[in-house]
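# Geometric and topological summary
One-letter residues, chain by chain:
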2 protein chains.
Amino acid sequence: MRATPLEAVLHTVDDRAELFIADLQRVMRQPSVTENEADCEACAELVAAMMMGEIGLDAEVLPSRHNPVVVGRSAQRPERPTLLITGHYDVVSPGPDEDWISPPFAAERRDGDIIGRGAADPKGNLAAGLKAAQAWIEAAGDLPVNLKFMIEGDDESETGHLGEFVDAHRELLRADAVLLLDAGFTRDGNSPIHLGTAGSLAVELQARTGTKEPYFIWTQLIPDAAFRLVWALATLKDADERVCVEGFYDNVQAATPAELALMAEYPWHDESELEFWGIPQFVTGARGVEAIRRLLYEPTCSIHGIEPGLDRPNATSLIPCAARAWVNFHLVPEQDPDDILAKLRHHLDRHGFGDIEIEVLRRFKPIPGSADSPLGQALLRGAGQVGVSTYLLPHSFEFGDKWCWIGQRLGVEGALIGVADPDRRAHFPNEHITVPYYLNGIKWVAATFWEYSHAGQT
Amino acid sequence: MRATPLEAVLHTVDDRAELFIADLQRVMRQPSVTENEADCEACAELVAAMMMGEIGLDAEVLPSRHNPVVVGRSAQRPERPTLLITGHYDVVSPGPDEDWISPPFAAERRDGDIIGRGAADPKGNLAAGLKAAQAWIEAAGDLPVNLKFMIEGDDESETGHLGEFVDAHRELLRADAVLLLDAGFTRDGNSPIHLGTAGSLAVELQARTGTKEPYFIWTQLIPDAAFRLVWALATLKDADERVCVEGFYDNVQAATPAELALMAEYPWHDESELEFWGIPQFVTGARGVEAIRRLLYEPTCSIHGIEPGLDRPNATSLIPCAARAWVNFHLVPEQDPDDILAKLRHHLDRHGFGDIEIEVLRRFKPIPGSADSPLGQALLRGAGQVGVSTYLLPHSFEFGDKWCWIGQRLGVEGALIGVADPDRRAHFPNEHITVPYYLNGIKWVAATFWEYSHAGQT
């Protein structure tokens, strides 16, 4: 039996392992902390050079509002589907060198790990996408799909401008699907395929009850803002974990039987999750598939923190005259954050809390995914080809990730996977990627190109 | 008609005004921040010297666990009632000199104010007691009562040892009543006579829901400690300001008709209080006598602060796995903090919050006073003699003040008044006492000696 082109590609990944590791180290050694524009510029140029030199793509470093965006394109042939791979080249600050076992931009290899800021987030993921394309070119002389890359430099900032960039370059970026390579495997040893995202309405609620903090010995008469806020917060969710804002669940879609069947096959382990979080049980006592269903299909609300706290001056003798809390409403398709905001206002008013002020901190509409997604199915079959454990998450508990709204902006589907190992320490000192995860990541992406080129043909 | 001895004493205060002001400046110029033991030692010696030299008292500087206590005694004649005057000579830190319009220990006189740390709290009050005795000696050659002074040096520390000291010197301190001179007039232009104190049970409530802070996108499954604490807190008091802990009000004594009649005469102004606190109304909408009644006779609970707050790392993405609040139960006679603590535990358990931990931060039993108090009546009549506006507070919203538990330890009644002006800035930069308040304070105390010597004879 003749080997498929993919088999040759996978062999090439093994044959070229040392080179591909060196390429990852090369990009890791170019510092690219988001705030450092010169470093980011240099990293963008390096990524563009890697696209052009080793894969033969057309690549451009295009200006954005802050750091530039690298866009690369293979030859675009009409008979092939087009995949837009997105990711970023910027990294978070490594913090003090002394927190690291080897310098954060040295990309040292130790015990099979490549250690350094960005090893997993994002450069291991970024390199996996690029090296997958290179392996195809080297093994087969061509790609099975039309590829586009859009690699930005402002992912780790609070104020990215990628939406603007996408809107300004719709033609350049036109594709059949968007694949975001970021993050990695979960602690259960799987890299789930996220096909949609949860939504969010995050608000600051504030109670102001006066202009001076009363002495505690006056609180028979003078209102306590902390109590007022507590009363308001307590009305938001009941002890059964049901959000009490009227109409909150109006648009929530139940999991379909097909989705429930999908969930029943997820490699979910109640006990290891409970142990990880250090809790005796999940809220509502959910277990197994019901726990998964809650995570993916059940909206909720939570409190991030409440102020003022106890370290302010005179906390032992004074009571707050103003108190605030950050509350997040975790939304699922088809909930709408604007609708929920209006309902929240109505809820507070109806419960006598017309004085509680609401400031919106974040609003993001959930985006549903579909288990029938051609890209999702290609990722699943690709994983099967290379022995990666994964599963489809049509609804996702992940929030607001870019693949999704980029896809939405371009009018196509999207998916997110990550290739780094579970214990990758992204954003922490001693971030690393383990060589087998990196190489397997390249293979998974390469296999996905192959499978996506057959999408709809299975 | 012949002048009373008191009239001569009051004239003497006017005649000796400049000298008495200089004496206050002298004691103000001796720094005595609680933590500075050498300064406090020197201040204690100075106070003892002032007792001996100018008033002819026996005075001793007695060791305590930290700063010494000055005890002074006049001749003790069996036919005269004995008054124990208490107060302190230590002051809080002045903070940076540049916050002051004149150096904090210079005791400069400006526009009729004597400015400096301790001007009001406590040295204006302390000097008022001493100079009242001096005026009697100078004008009448004798005192109308047996006087004892107990002036401590650890009032401004969190861990005073005065209770221990009192227990160790019961014979030395034996008296018919205890008068604490501290604080001053309120913003309504009165110096009320406190005859009892409120009580307190202050607790930290803590909810622990796990060992790791969950990402907000996991809170469909992983409990949020902030919400759990909020639910527990919200059960403690309802929107009508009624504390919901079962049995909380069991021992609360209603105001007697006589006490209500007293309150009806208090110079209370709803509008100025509302304006001061910047609130549209008092809790429950109370006004007038009902507001006063709430303040003095109604127990309540309040929240000082809640943690964690919003300035911790990753507050935007993480939810607390532990949260805590300081809650104060303001108690009135005959509530018992230990009883309330047991009821609080029972309440939390009964509402499903057996996991909420309680740590006691403070417990102080309320001490009732009586409008029939001989010292209270003497203070009231004394005030009438010198034109001071005052009124009796048998129940008090003030909390745990020392006169009360000193009296309780010695088995006698007690009272608190203060002579400093309303805008005295105690504990803040530019603390001061205005000369007329100081001189009137001396007169009030001197008149009180006179009236107390007739106690029971009116």
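Everything discussed here concerns the structure shown above.
Quick notes on the rules
- Residues numbered from 1 in each chain as written.
- Chains lettered and ligands numbered in written order.
- Predicted model: local features only at pLDDT ≥ 70, side-chain atom pairs only at ≥ 80, totals over all residues.
- Heavy atoms only, no water.
- Least-squares fit on C-alpha atoms with pLDDT ≥ 70 in both.
- Contact = heavy atoms within 4.5 Å.
- Buried < 20%, exposed > 50% of the residue type's maximum accessible area, 1.4 Å probe, protein only.
- Helix = DSSP H or I, 4+ residues; strand = E, 2+ residues; numbered from the N terminus.
- Pairing = 2+ DSSP bridges.
- Buried area = accessible area lost by both parts, 1.4 Å probe.
- Salt bridge = Lys/Arg side-chain N within 4 Å of Asp/Glu carboxyl O.
- Polar contact = N/O pair within 3.5 Å; in protein donor to acceptor, adjacent residues only side chain to side chain.
- Nonpolar A, V, L, I, M, F, W, Y, C, P; charged D, E, K, R; others polar.
- Axes fitted to C-alpha atoms, helices over the stretch in contact; angles between N-to-C directions.
- Phe/Tyr/Trp six-rings, centres within 6.5 Å; stacked < 30°, edge-to-face > 60°.

The next subject is the relation of the copies chain A and chain B. For these two chains of identical sequence, chain A goes onto chain B by a turn of 180 degrees and a shift of 0.0 Å along the axis, with RMSD 0.1 Å. One copy is carried onto the other by what is essentially a two-fold rotation axis. Taken together, the interface assignments show that 100% of the residues at the interface of chain A recur at the interface of chain B, consistent with an identical surface on both copies.

Moving on: the pairing of strand S11 (residues 322-331) of chain B. Look at any regular strand and the pattern is simple: side chains alternate between the two faces of the sheet. Residue and element names in this part refer to chain B. Of all the ten residues making up S11, eight are buried; the element is thus mostly covered by neighbouring parts of the structure. Pairing of strand S10 (residues 300-307) with S11 involves seven bridges; the strand directions are antiparallel. Residue pairing in the sheet places Thr 300 in a bridge with His 330 of S11.

Right, let's get into the interface of chain A and chain B. Contacts between the two partners involve 69 residues from chain A and, on the opposite side, 69 residues from chain B. Together chain A and chain B conceal approximately 6,100 Å² of surface at their shared face, both sides included; 69% is due to carbon and sulfur atoms. If you sort the residues of chain A by the area they bury against chain B, A:Gln220, A:Trp277 and A:Leu310 come out on top, with a joint share of 14%. On inspection of chain A and its partner chain B, the count reaches zero salt bridges. Linking chain A with chain B are 28 residue pairs in polar contact (both at pLDDT 80 or more). Of all the secondary-structure elements, those providing two or more residues to the side of chain A that touches chain B are helix H7 (225-234), helix H9 (270-277), helix H10 (288-297), strand S10 (300-307) and strand S11 (322-331) of chain A. In terms of residues, the side of chain A that touches chain B owes the most to one element, S10(A), which gives eight residues. Class assignment of the residues belonging to the side of chain A that touches chain B gives a composition of 37 nonpolar, 16 polar and 16 charged.

Another aspect to go through is the sheet that holds S10(A). Residue and element names in this part refer to chain A. Pairing is antiparallel in the open sheet, where four strands are placed in the order S10-S11-S9-S12. Edge strands, defined here as strands with exactly one partner in the open sheet, are S10 and strand S12 (357-364). Adjacent strand axes in the sheet meet at a mean angle of 20 degrees when their direction is disregarded. Of the pairings in the sheet, the one linking strand S9 (residues 199-208) to S12 comprises seven bridges and is antiparallel in character. The residue bridging Ala 202 from the neighbouring strand is Arg 362, located in S12.

Our focus in this paragraph is the packing of aromatic side chains. Residues and elements named next belong to chain A. What the rule picks out here adds up to 28 aromatic pairs over all chains. Seen in terms of ring centroids, Phe 185 and Tyr 437 are 5.2 Å apart; in terms of plane orientation they differ by 75 degrees. Their pairing is edge-to-face. Of the two residues, Phe 185 sits in the loop between strand S7 (177-181) and strand S8 (193-194) while Tyr 437 sits in helix H14 (residues 435-453), which places them 252 residues apart along the sequence. Phe 185 gets classed as buried once you look at its relative accessible area, which sits at 9%. Residues Phe 248 and Phe 329 carry aromatic rings whose centres are separated by 5.9 Å and whose planes lie at 50 degrees to one another, so their mutual orientation is tilted. One end of the pair, Phe 248, is in the loop between H7 and helix H8 (257-264); the other, Phe 329, is in strand S11, with 81 residues separating them in the sequence. A relative accessible area of 0% places Phe 329 in the buried class.

Residues and elements named next belong to chain B. Structurally, Ser 373 is set in the loop between strand S12 (357-364) and helix H12 (374-386). Residue classification places Ser 373 among the buried residues on the basis of a relative accessible area of 6%. Among all residues touching Ser 373, those that are not within four sequence positions of it are Leu 195 and Glu 413.

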